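One letter stands for each residue in the lines below.
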Number of protein chains: 2
Amino acid sequence: MAITVVGSVAFDSIETPAGKRERCLGGAATYFSLAASYFTNVRVIAVVGEDFGKRQEAVFEARGIDTRGIERAKGKSFFWEGSYMDDLNQAKTHITDLNVFASFEPKIPEVYGDSEFLFLANIDPVLQRRVREAMPKARLVAGDTMNYWIKDHKPALLEVLKGLDILLINDTEVRMLAGKDNLVQAARAVLAMGPSSLVVKHGEYGATLFHGAAAKGEPQKQTFRAPALPLDEVVDPTGAGDSFAGGFFGYLASQPEITAAAYRNAMFYGSVMGSFACERFGTERMQQLSREEIDQRFELFRELTHLD
Amino acid sequence: MAITVVGSVAFDSIETPAGKRERCLGGAATYFSLAASYFTNVRVIAVVGEDFGKRQEAVFEARGIDTRGIERAKGKSFFWEGSYMDDLNQAKTHITDLNVFASFEPKIPEVYGDSEFLFLANIDPVLQRRVREAMPKARLVAGDTMNYWIKDHKPALLEVLKGLDILLINDTEVRMLAGKDNLVQAARAVLAMGPSSLVVKHGEYGATLFHGAAAKGEPQKQTFRAPALPLDEVVDPTGAGDSFAGGFFGYLASQPEITAAAYRNAMFYGSVMGSFACERFGTERMQQLSREEIDQRFELFRELTHLD
């Protein structure tokens, strides 16, 4: 089943202990759609500037991603510059230039209208809600957000959460959103805000899936933990969370039925794609995978944590 | 097979967001031996003061733990006072009174001499080494340490590591000991110091087992991750790491053969005992378990992370 994703397509300048890259292709929607493209058809809604050229376009095309929803606007694309010199788990932002993204008005191509899966990447919750409402055929809607929206745009974010099936956020964000330090209590509070499932990403320690009581007819209400792969070298953690989301949601969208077992496998595929993302700068690794490599790593993850 | 453990038996005054307890029974050897006692016979080597009475003694007796190696000295027992008001993952120490522990000279009862399993809890590495040398029949030796010994007593600690089969420490400690930030690189460096296996405890995120290349005839060289149980309320994290060690090593000692599968199960049993420890103040929960409860929780852990 096709996924439509709305979010940022950007240029990133990144410095990590492993080196430096200037203006590589980045953005949440980019990482998400590349990761998800190994599992299902992906359609992107975004806005880019005049600096987005054939080379960037080709990255999406090579993975068969539908870019008809990427609007070309006058000006420059979203630009982010950051470093991870002190702590690979925490980016230090040096520059955020929203550029054409500042006045982003998502335009949804008619051909996207039949998408049954919708991913609302981390953007203004007002826009997330607008896209969700414009896609009534979406039967499974997942989304991400960040501390900025939680802190300063909570009412709009709460409206989005009401229409969300799955929220994917990190430890700090779930605690901030719930106002609770204990992870389980925080998860329960967030599930009460609307989403029937919550995925909390723990960076190098994996991720936890919490199901709400009313999990859309799903009997599986249990908590599930997927490990992260201990990596010998984290070259660049940028986009690992978005790649997790792409693997997770891409796998779900590829399944004939969204069962409890599908959710569990999806958590592992999310971790798999997150681990690949860290191995090279920017989207380099996400561009060059094969489904075989992905499934081999899936087996490595199973080995990593299975008893029998 | 019997385990001999050497370490602290103490009194702890603890404050957490869940409440306060004055002078409860504590100490690494206490938590370790209570946890391990559900799997195998345990013998303790420690020193206590005149404040250690029948009530404390009874806690060990009720679990069938051999206390003939607990020396009674003139003075007071080791006393620790700490709180976890700001962060349940990090104790804030208010008072550490070594008392009789300051001049601890481990005396090993002759009847302990045939112990094939030895656990060196977190004490002065000079004493750890002395006990190890006095127990030549121990064929599997595990140990713990802490930042203080890593920072200020490294040469003595490195001597201990040479004679250790399994080292159990936490994230911060492994990074400090190796002088490396990356977990995998740090683990490799520590395994090169002597132990054939390394267990790194990640608190609420579980634990990772790394095997060295020369894993005592074991073919299993892979990394293994055990999850932690997301707990609704952490009443008191004191002793969770020592309880993990007790569950882990107690299970290993109970097995007819130390196989790769045994190591994996041991990691889960460690996590199980660590999760119980947090549910009540001090050793309360560790005193009142049944093997049935433990195995039920083991199944819960399996469910938590298994795909099939």
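Residues numbered from 1 in each chain as written. Chains lettered and ligands numbered in written order. Predicted model: local features only at pLDDT ≥ 70, side-chain atom pairs only at ≥ 80, totals over all residues. Heavy atoms only, no water.

1. Some details on the overall build of chain A
- If you tally the helices and strands in chain A, you get 11 helices and 13 strands.
- In terms of overall dimensions, chain A is globule-like: its C-alpha atoms have a radius of gyration of 18 Å, near the 19 Å expected for 308 residues.
- Here the C-alpha coordinates of chain A stretch approximately 50 × 45 × 35 Å along the principal axes.
- Burial analysis of chain A (308 residues in total) assigns 60% to the buried set.
- For chain A, long-range pairs separated by at least 24 residues make up 64% of all intrachain contacts whose partners lie at least 6 apart in sequence.
- Accessible area for chain A stands at about 12300 Å²; split by element, carbon and sulfur atoms hold 49% of it. (Helix = DSSP H or I, 4+ residues; strand = E, 2+ residues; numbered from the N terminus. Rg over C-alpha atoms; globule rule 2.2 N^0.38 Å. Buried < 20%, exposed > 50% of the residue type's maximum accessible area, 1.4 Å probe, protein only. Contact = heavy atoms within 4.5 Å. Areas by Shrake-Rupley, 256 points an atom, 1.4 Å probe, with all protein chains shown as cover.)

2. Digging into the relation of the copies chain B and chain A
- Mapping chain B onto chain A is achieved by rotating through 180° and translating by 0.0 Å along the same axis, at an RMSD of 0.0 Å. Here the copies are linked by what is in effect a two-fold axis. (Least-squares fit on C-alpha atoms with pLDDT ≥ 70 in both.)

3. A short note on the environment of B:Asn147
- Mapped onto the fold, B:Asn147 is located in helix H4 (residues 147-152).
- Dropping the residues within four chain positions of it, B:Asn147 is found in contact with B:Glu173 and B:Met176.

4. Some words on unusual backbone geometry
- Non-glycine residue A:Asn99 carries a positive phi angle of around 50°.
- You can see A:Asn99 is positioned in the loop between strand E7 (92-97) and strand E8 (117-120).
- At B:Arg23, a residue that is not glycine, the phi angle is positive and equals roughly 45°.
- Inspection of the secondary structure assignment puts B:Arg23 in strand E3 (residues 19-26).
- On the basis of relative accessibility, which here comes to 38%, the residue B:Arg23 falls in the partly exposed class.

5. A few points about the interface of chain B and chain A
- With 35 residues of chain B at the interface, the matching set in chain A holds 34 residues.
- For the pairing of chain B and chain A, the buried interface totals around 3000 Å² over both sides, and the portion due to carbon and sulfur atoms is 44%.
- It is B:Tyr205, B:Arg225 and B:Leu307 in chain B that bury the most area against chain A; as a group they hold 27% of the surface buried on that side.
- One can count six salt bridges joining chain B with chain A.
- Linking B:Glu204 and A:Arg175 is a salt bridge whose minimum nitrogen-to-oxygen distance equals 3.3 Å.
- Elements that contribute at least two residues to the side of chain B that touches chain A include exactly helix H6 (171-178), helix H7 (183-191), strand E12 (207-211), strand E13 (224-226), helix H9 (260-277) and helix H11 (291-305) of chain B. (Buried area = accessible area lost by both parts, 1.4 Å probe. Salt bridge = Lys/Arg side-chain N within 4 Å of Asp/Glu carboxyl O.)

6. Points about the pattern of salt bridges
- Taken as a whole and judged by the stated rule, the model has 40 salt bridges over all chains.
- One salt-bridge network, in which partners are shared between bridges, spans A:Arg129, A:Glu133, A:Glu159 and A:Lys162.

7. What to know about helix H3 (residues 125-134) of chain B
Residues and elements named next belong to chain B.
- Inspection of H3 places Pro 125, Leu 127, Gln 128 and Val 131 among the buried residues, and these make up the whole buried set. For H3, the angular spread of the buried residues around the axis is 155°, confining them to a single face.
- Looking at where H3 begins, the residue whose side-chain oxygen comes 2.9 Å from the main-chain nitrogen of Val 126 is Asp 124. (Arc of directions from axis to C-beta. Polar contact = N/O pair within 3.5 Å; in protein donor to acceptor, adjacent residues only side chain to side chain.)

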